[in-house]
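Summary of structural features
Read off the chains here:
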Amino acid sequence: MGQELQESIVLAKMPKSLSGKEFTYCPGCHHGIVHRIIAELIDEFQLREKTVLVAPVGCSVFAYEFFDVDGTVAAHGRALAVATGMKRARPDMFIITYQGDGDLAAIGTAETIHAANRGERVTTIFINNAVYGMTGGQMAPTTLLGMKTTTSPYGRTPEREGYPIHIMEIMKALPGVAYAERVKVSKPQDIPKAKMAIKKAFYAQLLDVGFGIVEVLSTCPTNWGMDPVEAQRWLEENMTKEFPLGVYVDKVTEVMKEKGVK
Amino acid sequence: MGEKIMVKGTEAIGEAAIRAGCRVYFGYPITPQSELTEYMARRMPQVGGVFLQAESEVATVNMMYGASSVGARVMTSTSSPGFSLMQEGISYMACARLPGVFVDVVRGGPGLGDIQPSQGDYFQIVKGGGHGDYRLPVFSPSSLQEAVELTIHAFDVADKYRTPVVIFADGMMGQMMEPVEFPDPIDPSTLPSKDDWALTGAKGRKARYVTSFDIDPYKLEKMNLVLQETYKEIEKNEQKWEEFMTDDIEVLFVAHGTVGRIVKSAVKLARQKGIKAGLFRPISLYPFPYKRLSELAEKVDIVMTVEMSSGQMLEDVRLAVEGKAETPFYGRLAGVVPTPGEILEALMKELRR
């Protein structure tokens, strides 16, 4: 009885694919939640022994240290070129890139679009918090119109800084993409949905369908100048309007059905 | 070793890479080396290898970083402006200790320049075009046979010291045809294992990472010191040069690559005129063979450097000569190739001084 009880209360534990190193992220930041989802999936798919994680330059530059899988840090913006090199040389391995908005959608736009368009069998987790976090809150390619940052101190205007860039909408135009979904993790009920999306992006690679990418709308309370609760609310009210949630490309579900994968 | 076949320079280097067991090539078209990229596009599928045309040289070098980090023998080829674009990634590879072979078919510059042979990128290639305290072994062939041998050697040096290595060619080397004898191909599965450092998946061991990064300056300094130790070993073991007619020299030429070959003709012309000239041809530009050049400089009054540049290797020659002889220079710029006659004339002018 005691034994059973003990087992039954273990509802959640540290995923094996996390190293146990304490996250260095700010309170209210979503990196930790997304890291955990990825690690849980690596465990569930039993991929730990063949995974390489490509961390970016940005707040998640240390991501490789938080995971208990092989890893590297790519030059700023180049994660998908690095991942391409890995996957082409070792197609049997499972390659994940973890990238922020500055990395993936500004300096690395060319690498992103071409890796996606080639249908590289890699999985990309794209954290969009509308700001450059690590360098101290500068304007990102995804900064909202009117939003003030340290390099758009009077608020972003279309005339001066142009519009926020929509990566999922671009992914929709690229035939190599097998799965693209935009999610958020700001409410508890969002988390299983986000996990399902990332699972599909894993399957895009595992079932050899094409490139898989999940954009996670995220907070940056520190650089937004908000407390964590306020930041969640701001995300719900503003980010989701500019960046509609949903599935943009799904060639995976059909292949999963064909192959009898649930 | 097989029979001698006529090949073009770019293709000789490509085939040498295949025979060295290279099975992964990334590249981007740029004149005057596109034939090498095309050769690899044809050849890689025939040997079960990977060829991928990248979207840019920036992507190319990062693909190399990725492929090398999972243990592949990887190569690219490019020409000057493309090599400039690769510098960031080369610096990352050097710090992360990732082997890889870069063939730079140097053309006239600066800027868009032209597509003629040049050696004007000596500083960039030999002294480092990227950021930080790193060096790259650099080999400069002067014949296609030598290009084949050095390409194969470059892969071994890259793997042995875990460093990027550069083959410094020029448009002349790339475009000319010569008979070449290829060695027997190496079976990639027989190459030394990289399982002790490569990202092969954390199976039966702790997870590991390969990075060019440590936020702690003391730890990063340690990484730097490992690099510096490696460079000391490279300087000790990897110097290469050729001496041509240096037994009885009165004057010594120093030239590398294509120019080294042209200067051999100038040496013969000088000897017809009774001038006991010789040539010292550095083959490894890093490590530069300072010591041997210094010894030869003792025997002469004039050490004349000839380059297809404004005098870049000249600085290394002067470091070796240390004022023991006069160190005049003759060079042509922007893709103009000097003739043996004009080199001799330049020497005669120095002798008349």
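Residues numbered from 1 in each chain as written. Chains lettered and ligands numbered in written order. Predicted model: local features only at pLDDT ≥ 70, side-chain atom pairs only at ≥ 80, totals over all residues. Heavy atoms only, no water.

Describing the packing of aromatic side chains
Scanning all chains against the criterion turns up 14 aromatic pairs over all chains. Ring plane angle 50° and centroid distance 5.0 Å describe the contact between B:Phe288 and B:Tyr290, whose orientation is recorded as tilted. Residue B:Phe288 is classed as buried on the basis of its relative accessible area of 3%. A relative accessible area of 30% places B:Tyr290 in the partly exposed class. By the ring-pair criterion, three or more aromatic residues cluster together here, those being A:Phe45, A:Phe94, A:Phe202 and A:Tyr203. Sitting above the plane of the B:Trp197 ring, B:Arg162 keeps its charged end 4.2 Å from the centroid. In this structure, B:Lys264 packs its charged tip against the face of B:Phe244, placed 5.4 Å from the ring centre. (Phe/Tyr/Trp six-rings, centres within 6.5 Å; stacked < 30°, edge-to-face > 60°. Buried < 20%, exposed > 50% of the residue type's maximum accessible area, 1.4 Å probe, protein only. Lys NZ or Arg CZ within 6 Å of the ring centre and 35° of its normal.)

A short note on the sheet that holds strand β6 (residues 138-139) of chain B
All names here are of chain B. The sheet built from 7 strands is open, its strands ordered β3-β2-β4-β5-β7-β6-β13 with mixed pairing. Among the strands making up the open sheet, the edge pair consists of β3 (50-53) and β13 (284-286). By the bridge criterion, 4 bridges tie strand β2 (residues 24-27) to β3 in an arrangement that is parallel. In the strand pairing of β3, Phe 26 is matched with Leu 52. (Pairing = 2+ DSSP bridges. Helix = DSSP H or I, 4+ residues; strand = E, 2+ residues; numbered from the N terminus.)

Re the state of the cysteines
Scanning the entire structure with this criterion turns up 0 disulfides over all chains. With no disulfide of its own, A:Cys59 lies closest to A:Cys220 among cysteine sulfurs, the gap being 6.1 Å. (Disulfide = S-S within 2.5 Å.)

Focus on the environment of B:Gly89
With respect to the helices, strands and loops of the structure, B:Gly89 is situated in helix α5 (residues 87-96). B:Gly89 sits 51 residues away from B:Glu38 along the chain, and the two C-alpha atoms are 23 Å apart.

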